[in-house]
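# Summary of the model geometry
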Number of protein chains: 2
Amino acid sequence: MRRPATLASLAAELGVSRTTVSNAYNRPDQLSPELRDRVLKTAERLGYPGPDPVARSLRTRKAGAAGLLLTENLSYAFRDPAAVGFLEGLALACEDAGVGLHLVPASPQREDVAAVHRAGVDGFVVYSVPDDDPHLAAVMSRPVHTVVCDQPQLEDVDRVGIDDGAAITKLAEHVLRLGHRSVGVLCMRLGRDRNDNFVSVDRQRSAHYHVQRRRLGALASVFESAGVDWSKVPVVERFDHTSEDGASAAAQLLDKHPDVTALVCTSDILAVGALTEAKRRGLRVPIDLTVTGFDGIAEADRVELTTVRQPIQDKGRAAGQLLLSAAERNGPKLITLDTELLIGATCGSPRNAEEPWFGP
Amino acid sequence: MRRPATLASLAAELGVSRTTVSNAYNRPDQLSPELRDRVLKTAERLGYPGPDPVARSLRTRKAGAAGLLLTENLSYAFRDPAAVGFLEGLALACEDAGVGLHLVPASPQREDVAAVHRAGVDGFVVYSVPDDDPHLAAVMSRPVHTVVCDQPQLEDVDRVGIDDGAAITKLAEHVLRLGHRSVGVLCMRLGRDRNDNFVSVDRQRSAHYHVQRRRLGALASVFESAGVDWSKVPVVERFDHTSEDGASAAAQLLDKHPDVTALVCTSDILAVGALTEAKRRGLRVPIDLTVTGFDGIAEADRVELTTVRQPIQDKGRAAGQLLLSAAERNGPKLITLDTELLIGATCGSPRNAEEPWFGP
DNA sequence: TAGAGGGACCGTAACGTTTCAGATTGTTTT
DNA sequence: AAAACAATCTGAAACGTTACGGTCCCTCTA
């Protein structure tokens, strides 16, 4: 018995068919308790660890796992509270269904798409990757069910998301109503190339991150409607997503445009950094500077940030449920979750308030 | 072509052998560029998505994934900062190696061990599960490499951990040196059964969570050495691990033993909760009450908790590297990481300080 | 006692791939 | 001109399992 025992060798040893051994493990009702017991006993004696999961997967065409594509250093996913929330929700759904969660190693730097092809999963959840990412293309080429999240509608693919445009519009209207006309924007990365700098309107329009493109687009149109020339609005981008980056982005923006009275950030993390930078400069929030975020993470609550709360955990769970539901597939399913404007303590009227947008 | 294309059908269509098609994907140097191109073109035409990962795994006996067993609601793993840190480190190691991270759905309630058997992975990392957990047994029965973390030494199994005893001893000596003799302890769950209550010395000794057993044991011996009767020291256990539970545990303990001057907690989360409860009661920390934690999470830093910092992220990474290193297997490998006593602002001398343990 | 019914088990055919030891060329070396 | 070589491609044998459609035999019913 040099080579590890297999179902076949076990069957041979017992003098029964492979089917019977298989049934001993998978369909106990298909054989007599005595025989089953004998099978299990012999298995233990021979050191047979039970049916090989990979061989079983090949035969049953079920891997018992959901794949998650992040296209970001995996470790980053655990550092960003929003990503953690999403993961939590997704894990919840997987757990309920009794399937594993397979995190695909897809660093943005490494163009190596092989990991996507190597993943033995029953489907993929794709969370916030740029629309031109080769990993995304690789996932789409796999013949398995896929759910995208915070992603533009792809042909015939399930999707979970929020109405980013509507959400940030409400926020912007709040800022406008307070009288701000001289605003700046901090946003997350817009493409796979690093651009820790001001962003042209062109780059905004052609951003490869759907969520960011959507939010910037909505901001542009609502501010334009209020008479603000969007092409004059400074927008600063950061590739990495930490509060330090938020702080440095705020610094970069305020250095060049000390006149802005409000900083609209496309994420809470960036906004928290902006708050830090404001304090460093001796700017009082919200008296001297208004700051807003997006997401509704715990930290935002702690600093009383005015922001948009999105049900990030529900998003993960919805994505998981969508993926795992054996629902009949007639057309792609779309789920749009609700958001909520959270008024904190970081917004106020600008010091030399202009005419309010709406009447008194 | 009703059924999805396979490597074989593609080979048939092309009039070449399966080997050649396989080589086109896996060993481009083994066939002429022209033929390879023809293969890939035809694959696209027939909608062949490339070699099936499961079939490949079966043949190569490599799944390209590391399993993680947590035996806790997966979602919990994303809520506890320590667990998140561990995951982050583990994910880092997996990413470096280009392998996936397969989170095994193993709720403590569900006794369903099948998920462990179903997981197509090359090895397991087991993080802080009770030593009598059936999931752990299931993992051990699988013929794959396993690394345990925060776990007692298992026969012939790699292990990553810290010296919990030494670490908490340093902490306890600090508390003793300040003069405390009347202490209470808050600890995490000691077994798979829920016991949100005081803990007998017996239950402490037979705790199934290695880390907790170790820490309590070390506390017992260091306090005994200092002349404290450990059997009189109140220890309160909490099954769930949130700061709310820490608060309620502190309340339960202080209600019954209002005389304690120091609360030693076996985790930062519990300690943070204890701080909240102390404040609620109008107890000034550290004047009226000394509180200590364990772990060194970010929140601990924020509240200036005196605690033991353990390199939680390194732990995850070390576990991953150990699992994935193809090192020759001569005897189990053991890695013990360093810890550091972090003096915060939550420790002081008791109001009616007794004779200090050490000289002046 | 014939026939129906059902429990227990079996044989064969996949599942889709990689691997290994050749076979077949055309090209160079001696 | 024979021998050696490299480049390219092939055939058959695994890898370990489960699905499917049986067979066999015993018991129950009428």
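We now turn to the structure provided with this report. Per chain, residues are indexed from 1 in the order of the written sequence. By the order in which they are written, chains take letters starting at A while ligands take numbers starting at 1. Reporting of local features is limited, given that this is a predicted model, to residues whose pLDDT is at least 70; pairs of side-chain atoms are given and counted only at 80 or more, and all residues count toward the totals for whole chains, interfaces and linings. Derived side-chain values reflect all non-hydrogen atoms in the structure, with water molecules and hydrogen atoms excluded from consideration.

## Points about the protein's contact with DNA strand D
- Around DNA strand D sit 29 residues, and of these A:Leu7, A:Ser22, A:Tyr48, A:Arg59 and B:Thr19 come closest.
- Within the side chain of B:Arg59, a nitrogen or oxygen atom sits 3.0 Å from a base nitrogen of DNA strand D.
- Two N or O atoms count as a polar contact when they lie within 3.5 Å, although within protein this holds only if one can serve as hydrogen donor and the other as acceptor, and sequence-adjacent residues are included solely when both atoms are side-chain atoms. At a separation of 3.4 Å, a sugar or linking oxygen of DNA strand D approaches a polar side-chain atom of B:Arg61.
- Listing elements by their share of the surface near DNA strand D, those giving two or more residues are helix 2 (18–26) and helix 4 (53–60) of chain A together with helix 2 (18–26) and helix 4 (53–60) of chain B.
- Note on conventions: DSSP H or I runs of at least 4 residues are helices, E runs of at least 2 residues are strands, and numbering of each starts at the N terminus. Residue contributions to the surface near DNA strand D peak at five residues, all from helix 4 of chain A.
- Residue type decides the class: Asp, Glu, Lys and Arg count as charged, Ala, Val, Leu, Ile, Met, Phe, Trp, Tyr, Cys and Pro as nonpolar, and the leftover types, Gly among them, as polar. In terms of residue class, the surface near DNA strand D is built from nine nonpolar, eleven polar and nine charged. The near set for a molecule or strand comprises every residue that places at least one heavy atom within 4 Å of it.

## Side note on helix 12 (residues 243–256) of chain A
All names here are of chain A.
- Each helix should span, by expectation, one fewer than its residue count multiplied by 1.5 Å. The end-to-end C-alpha distance of helix 12, which contains 14 residues, comes to 20 Å, matching closely the 20 Å that a straight helix rising 1.5 Å per residue would cover.
- Here the term buried applies to any residue with accessible area under 20% of the maximum for its type, exposed to any over 50%, and partly exposed to those in between, with areas from a 1.4 Å probe on protein chains only. Of all the residues in helix 12, the buried ones are Asp 245, Gly 246, Ala 247, Ala 249, Ala 250, Ala 251, Leu 253 and Leu 254.
- When checking whether two residues touch, look at their non-hydrogen atoms; a contact exists if any pair is within 4.5 Å. Buried positions along helix 12 lie against strand 6 (183–187), strand 7 (235–237), strand 8 (262–265) and helix 13 (268–280).

## Some points on the packing of helix 9 (residues 164–177) of chain B against helix 11 (residues 210–225) of chain B
All names here are of chain B.
- To obtain each axis, a line is fitted to C-alpha atoms, and for helices this fit is confined to the stretch in contact; angles are then taken between N-to-C directions over 0 to 180 degrees. Interhelical geometry of helix 9 versus helix 11 gives an angle of 40° and a closest axis separation of 8 Å. Overall, the two elements helix 9 and helix 11 adopt an arrangement that is oblique. Considering the relative orientation of helix 9 and helix 11, their crossing is right-handed. Contacts between helix 9 and helix 11 involve Asp 164, Gly 165, Ile 168, Thr 169, Ala 172, Glu 173 and Leu 176 from the former and Val 211, Arg 214, Arg 215, Ala 218, Leu 219, Val 222 and Phe 223 from the latter.
- Residues that form the contact of helix 9 with helix 11 fall into these classes: eight nonpolar, two polar and four charged. Should an angle fall under 35 degrees it is called roughly parallel, over 145 degrees roughly antiparallel, and 65 to 115 degrees roughly perpendicular, with every other angle called oblique. With the far helix as reference, a near helix turned anticlockwise by less than a right angle produces a left-handed crossing, and one turned clockwise produces a right-handed crossing.

## Description of the sheet that holds strand 7 (residues 235–237) of chain B
All names here are of chain B.
- For two strands to be treated as a pair, DSSP must find at least two bridges joining them. Read across the sheet, four strands follow the order 7-6-8-9 without closing on themselves; strand pairing throughout is parallel. For this open sheet the edge positions go to strand 7 and strand 9 (290–292), each flanked by a neighbour on one side alone. Averaged over all neighbouring strand pairs, the angle between strand axes comes to 15°, with direction disregarded.
- As defined by bridge partners, strand 6 (residues 183–187) adjoins strand 7 across three bridges and the pair is classed as parallel. Across the sheet, Val 185 pairs through a bridge with Val 235, a residue of strand 7.
- Taken strand by strand, helix 11 contacts strand 6, strand 7 and strand 8 (262–265), and its axis lies near 170° from that of strand 6.

## A word on the packing of helix 2 of chain A against helix 3 (residues 33–46) of chain A
Residues and elements named next belong to chain A.
- One way to put it is that helix 2 packs onto helix 3 with a least axis distance of 10 Å and a crossing angle of 95°. Regarding the angle of helix 2 to helix 3, the classification is roughly perpendicular. Contact with helix 2, carried on its side by Thr 20, Val 21, Ala 24 and Tyr 25, involves Leu 35, Arg 36, Val 39, Leu 40 and Ala 43 of helix 3 and no other residues of that element.

## Some details on the packing of aromatic side chains
All names here are of chain A.
- A pair of aromatic rings is counted whenever rings of Phe, Tyr or Trp (Trp by its six-membered ring) have centres within 6.5 Å, and the orientation is called stacked for planes under 30 degrees apart, edge-to-face for over 60 and tilted otherwise. For the structure on display, the rule yields seven aromatic pairs over all chains.
- Consider the rings of Tyr 25 and Tyr 48, whose centres lie 5.8 Å apart with planes at 70°: the pair is edge-to-face. Taken as a pair, Tyr 25 in helix 2 and Tyr 48 in the loop between helix 3 and helix 4 lie far apart in primary sequence, 23 residues in all.
- Given the relative accessible area of 9%, Tyr 48 is considered buried.
- Against the face of Phe 239 rests Arg 189, its NZ or CZ located 3.7 Å from the ring centre. Here, a charge over a ring is recorded when the distance from Lys NZ or Arg CZ to the ring centre is within 6 Å and its angle to the ring normal is within 35 degrees.

## Some words on the interface of chain B and chain A
- The interface is formed by 43 residues belonging to chain B together with 42 residues belonging to chain A.
- Counting the surface lost from both chain B and chain A, the interface buries some 3,500 Å², and carbon and sulfur atoms represent 61% of this.
- Here, a salt bridge means any Lys or Arg side-chain nitrogen found within 4 Å of an Asp or Glu carboxyl oxygen. In this structure, the connection of chain B to chain A is made through two salt bridges.
- For B:Arg79, the salt bridge identified is with A:Glu88, shortest N-O distance 2.8 Å.
- Joining chain B to chain A, the criterion identifies six residue pairs in polar contact (both at pLDDT 80 or more).
- Elements with a minimum of two residues in the side of chain B that touches chain A: helix 4, helix 5 (74–77), helix 6 (81–97), strand 2 (100–103), helix 7 (114–118) and helix 14 (298–302) of chain B. As used here, buried area is the combined drop in accessible area, with a 1.4 Å probe, of two parts when they are placed together.

## Thoughts on the relation of the copies chain B and chain A
- If you rotate chain B by 180° and push it 0.0 Å along the axis, it lands on chain A with an RMSD of 0.0 Å. The relationship between the two copies is best expressed as a two-fold rotation axis. Minimal C-alpha distance to the rotation axis in chain B is attained by B:His102, lying at 2.1 Å.
- Take the interface residues of chain B: 98% of them recur as interface residues in chain A, which is what a same-surface contact looks like. Superposition of the copies was done by least squares, using only C-alpha atoms of residues whose pLDDT is at least 70 in both.

## Quick word on the nonpolar core
- Counting 112 residues, the largest nonpolar core has A:Leu68 and B:Leu68 as the members making the most contacts within it.
- Leave out the neighbours within four places in its chain, and B:Leu68 touches B:Phe86, B:Leu87, B:Leu90, B:Leu101, B:His102, B:Leu103, B:Val104, B:Val125 and B:Tyr127. By convention a nonpolar core is built from buried Ala, Val, Leu, Ile, Met, Phe, Trp, Tyr and Cys residues, the set being connected through side-chain atoms within 4.5 Å.

## Side note on the side chain of B:Thr292
Residue and element names in this part refer to chain B.
- Turning to its location among the elements, Thr 292 is positioned in strand 9.
- Look at Thr 292 and you get buried, because its relative accessible area is 0%.
- Apart from residues lying up to four places away in sequence, Thr 292 is in contact with Leu 171, Val 175, Leu 263, Val 264, Cys 265, Ala 271, Leu 305, Thr 306 and Cys 347.

## A look at the pairing of strand 2 of chain B
- By the alternation rule, side chains of strand 2 of chain B split into B:Gly100 and B:His102 and B:Leu101 and B:Leu103, which are all buried.
- Relative to strand 2 of chain B, strand 2 (residues 100–103) of chain A is paired through three bridges, and the arrangement is antiparallel. The residue bridging A:His102 from the neighbouring strand is B:His102, located in strand 2 of chain B.
- Pairing of strand 1 (residues 65–69) of chain B with strand 2 of chain B, which is carried by four bridges, proceeds in the parallel orientation.

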